[in-house]
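# Observations on the model geometry
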Amino acid sequence: MQASSNPAAVEVTSLSKEFGGFAAVKNVSFRLRRGEVLGFLGPNGAGKSTTMKIITGYLRPTRGSVRVSGRDLERSPIEAKRQIGYLPEGAPAYAEMSAHTFLEFVARVRGFGRREGRRRAQAAIERANLGDVVHQPIETLSKGFKRRVGVAQAILHDPPILVLDEPTDGLDPNQKHEMRGLIRQMASDKAILISTHILEEVGAVCDRALIIARGRLVFDGTREQLARLSERHNAVKISFDSEIAPNYPVALRALDGVADVLADADRAELTVIAAGGRCIIQQVSRLVQRENWPLKSLYVESVQLDDVFRDITRSRPGAGAETSS
Amino acid sequence: MTPVGAVFRRELATYFSTPVAYVFIVIFLVLAGVFTFYIGGLYERGQADLQPFFTFHPWLYLFLIPALSMRLWAEERKNGTLELLLTLPLSVTAAVVGKFLAAWVFTGIALALTFPVWLTVNYLGTVDNPVVVLSYLGSFLMAGAYLAVGACISAFTANQVIAFVVSFTLCLVFVLAGFPLVMDALQGWAPQALVDAVRNMSFLSHFEAITRGVIDLRDVIFFLSFIACWLFANGVAVEMKKSE
């Protein structure tokens, strides 16, 4: 996590957006700093895209404020838009234009002269690895290339802030890997906000994650902090060579820091749940050795982030945001 | 380059990179010719003027211009490029003006390509050329008025067919304002001020005044302010419809 002296590139305060009575975003606050990749997660329709549309100046919030590089977005929208590179959901682009003329158009709207615009377009093409397809109409490109055109458009002016709405959606695994590499590469000197509904992306590219559900921010923290929310955090899985004797669970339950023991008789497995996510593997392994149980394997179960995600996006409608910063 | 210039150039280039421009120009020229020579009877009148040519412009524009303007905003909204455009550092006004100017210049190009008609009449007799120039200018202004209505309506919907039909109908009202069809519908219940206002909105009467060669600044101001009002409404519509 970045030093807190680092001023926020984007500061969102008590943001709410209603569409004709329907509250799409409710009282969302967070900060994004330079050098940080912030993952914006949530089920479809949770309010991720709406929040991004507000930050990039497309939609006006019903309540709350957004500051971009310290300036109020509402008061100086054009200035804010200069600071931001934005990939809207679905990477829209003018279909009949070629990637090259499209990028030159974006460069011109962004106020670059002919020569500088051309240079910027070329640099963005190289960065986004568009290669040979730049002179084909965008409508003829594959989904992966279209997405890259959208990214090229967003990074063309080398903005300090990048807002990417589902940059890896619809890409094949290789393209995803490439896109993440590109994002990581740019992360050092930019503030990046990416939305996704793929949890693995949090570990792969993000320093921190925000989770939004039904318009509310339900989590703000690191991947580690997210894993700790799982009741199975630091749970120990033991499997045996023979059947589980009835005294095993009893002995395990008696250990300090053990909350519960779940038995799977068919597979001769026990799962020892740690109280409050404490580290209990040492106690467990000592017990197993002392009692000389017929051990096959013993390990700390890796947390299924999917389960945590499901838990906090479903069951905690009223919960406030957990803040780490 | 200013953002208006960038939007203008992109839009104008788009017309010519798709078949739209060629289809529009060919149909416009063919119809203008047919109306002028067959229905208008340019030869038969035995007069060396372009009256039969210009008389049909309001009716040509009536369906050709909504066809041109229907995509201006509806297409952007449907494809999601509106979000892209409006998150670039340019104002809604710049986008509205850039798009409108591109479409207007495009119709200007189509109009300018009717010059053979002018040449023909000049070959056949002595023409009052200043009146012709003025008529062209009047026709161009009127085309702008149609376009402004069409652009505004296009901003209200993501459906181009709806944009076309509504623009066509509205333009028809403005062409026919002052005619019994529209006047009778208003007379009797609407206040006199409104009836007069509608009568003064007629494209036809303002256009005919210009084509007669009478230079009245009021006709020019009518078209320019009409365009400005509809473009203002266009900007409001774009802002309003963003959140849907």
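Since this is a predicted model, take the numbers as computed values, not measurements.

### Some remarks on the overall build of chain B
Across its full length, chain B holds 15 helices and zero strands. The globule rule puts the C-alpha radius of gyration for 244 residues at 18 Å, and the 19 Å found for chain B is close to it. Counting only C-alpha atoms, chain B reaches 60 × 50 × 30 Å along its principal axes. Long-range contacts, defined here as pairs at least 24 residues apart, represent 76% of the contacts in chain B between residues at least 6 apart. With an accessible surface of roughly 10700 Å², chain B has 73% of that area assigned to carbon and sulfur atoms. Computed over 12 positive and 14 negative side-chain charges, the inter-centroid distance for chain B is 7 Å.

### Digging into the sheet that holds strand 5 (residues 71-72) of chain A
Residues and elements named next belong to chain A. Strand order in the open sheet made by the four strands is 2-1-4-5, with antiparallel pairing throughout. Bordering the open sheet on either side are strand 2 (22-33) and strand 5, each of which pairs with just one other strand. Summarising the sheet, strand 1 (residues 8-19) and strand 2 pair through eight bridges and their orientation is antiparallel. Bridge pairing in strand 2 places V12 opposite F30.

### Thoughts on the pairing of strand 10 (residues 216-221) of chain A
The side chains of a regular strand alternate between the sheet's two faces. Residue and element names in this part refer to chain A. Of all six residues in strand 10, five are buried; the element is thus mostly enclosed. Judged from the five bridges that link them, strand 9 (residues 208-213) and strand 10 form a sheet pairing that is antiparallel. Across the sheet, A213 pairs through a bridge with R216, a residue of strand 10. Connecting strand 9 to the next strand, strand 10, in antiparallel fashion are two residues, including R214 with a positive phi near 50 degrees.

### As for the packing of aromatic side chains
On inspection of all chains with the given rule, the structure shows 30 aromatic pairs over all chains. With a centroid separation of 5.3 Å and 40 degrees between ring planes, the pair formed by F100 of chain B and W104 of chain B is classed as tilted. One end of the pair is F100 of chain B and the other is W104 of chain B, both in helix 8 (residues 92-112) and four residues apart, which spans about a single turn. When its relative accessible area of 4% is taken as the criterion, F100 of chain B is described as buried. Taking relative accessible area as the criterion, W104 of chain B reaches 13% and is therefore assigned buried. Seen from the ring of F145 of chain A, R148 of chain A lies directly overhead, with NZ or CZ sitting 4.5 Å from the centre.

### Some details on the environment of R184 of chain A
Counting through the fold element by element, R184 of chain A comes out in helix 6 (residues 173-187). Measuring from C-alpha to C-alpha, the distance between R184 of chain A and A204 of chain A comes to 9.1 Å, with 20 residues separating the pair along the chain.

### Side note on the confidence of the model for chain A
Averaged over all residues, the pLDDT of chain A equals 87, while 95% of them reach at least 70. Contacts of residues 316-325 of chain A to residues separated by more than four positions or lying in other chains number 24 contacts, the stretch itself having pLDDT below 50.

### As for the confidence of the model for chain B
Fine structural detail should not be taken from predicted coordinates in areas where pLDDT scores are low. Residues and elements named next belong to chain B. On average, residues of chain B score 89 in pLDDT, and 99% of them reach the 70 mark or higher. At the level of individual helices and strands, chain B shows its lowest average pLDDT in helix 3 (residues 42-45), which scores 74, and its highest in helix 8, which scores 96. Model confidence for the complex: the whole-complex pTM is 0.86, and ipTM, which rates the interface, is 0.88.

### Topic: the side chain of D165 of chain A
All names here are of chain A. Within the secondary structure, D165 sits in strand 7 (residues 161-165). At 6.5 Å, K53 is the nearest oppositely charged side chain to D165, a buried residue that forms no salt bridge. There is a polar contact of 2.7 Å between the side chain of D165 and the side chain of S49. With residues near it in sequence (within four places) discarded, D165 still touches S49, M52, L87, P88, E89 and S195.

### Let's talk about unusual backbone geometry
Of all residues except glycine, most have a negative phi; of all peptide bonds, most are trans. Of note, N27 of chain A is a non-glycine position whose phi angle comes to about 50 degrees, a positive value. Position of N27 of chain A relative to the elements: it lies in strand 2.

Parameters at a glance
Residues numbered from 1 in each chain as written. Chains lettered and ligands numbered in written order. Predicted model: local features only at pLDDT ≥ 70, side-chain atom pairs only at ≥ 80, totals over all residues. Heavy atoms only, no water. Helix = DSSP H or I, 4+ residues; strand = E, 2+ residues; numbered from the N terminus. Rg over C-alpha atoms; globule rule 2.2 N^0.38 Å. Contact = heavy atoms within 4.5 Å. Areas by Shrake-Rupley, 256 points an atom, 1.4 Å probe, with all protein chains shown as cover. Lys, Arg positive; Asp, Glu negative; His and termini not counted. Charge placed at Lys NZ, Arg CZ, Asp CG, Glu CD. Pairing = 2+ DSSP bridges. Buried < 20%, exposed > 50% of the residue type's maximum accessible area, 1.4 Å probe, protein only. Phe/Tyr/Trp six-rings, centres within 6.5 Å; stacked < 30°, edge-to-face > 60°. Lys NZ or Arg CZ within 6 Å of the ring centre and 35° of its normal. pLDDT = per-residue confidence, 0-100. Salt bridge = Lys/Arg side-chain N within 4 Å of Asp/Glu carboxyl O. Polar contact = N/O pair within 3.5 Å; in protein donor to acceptor, adjacent residues only side chain to side chain.

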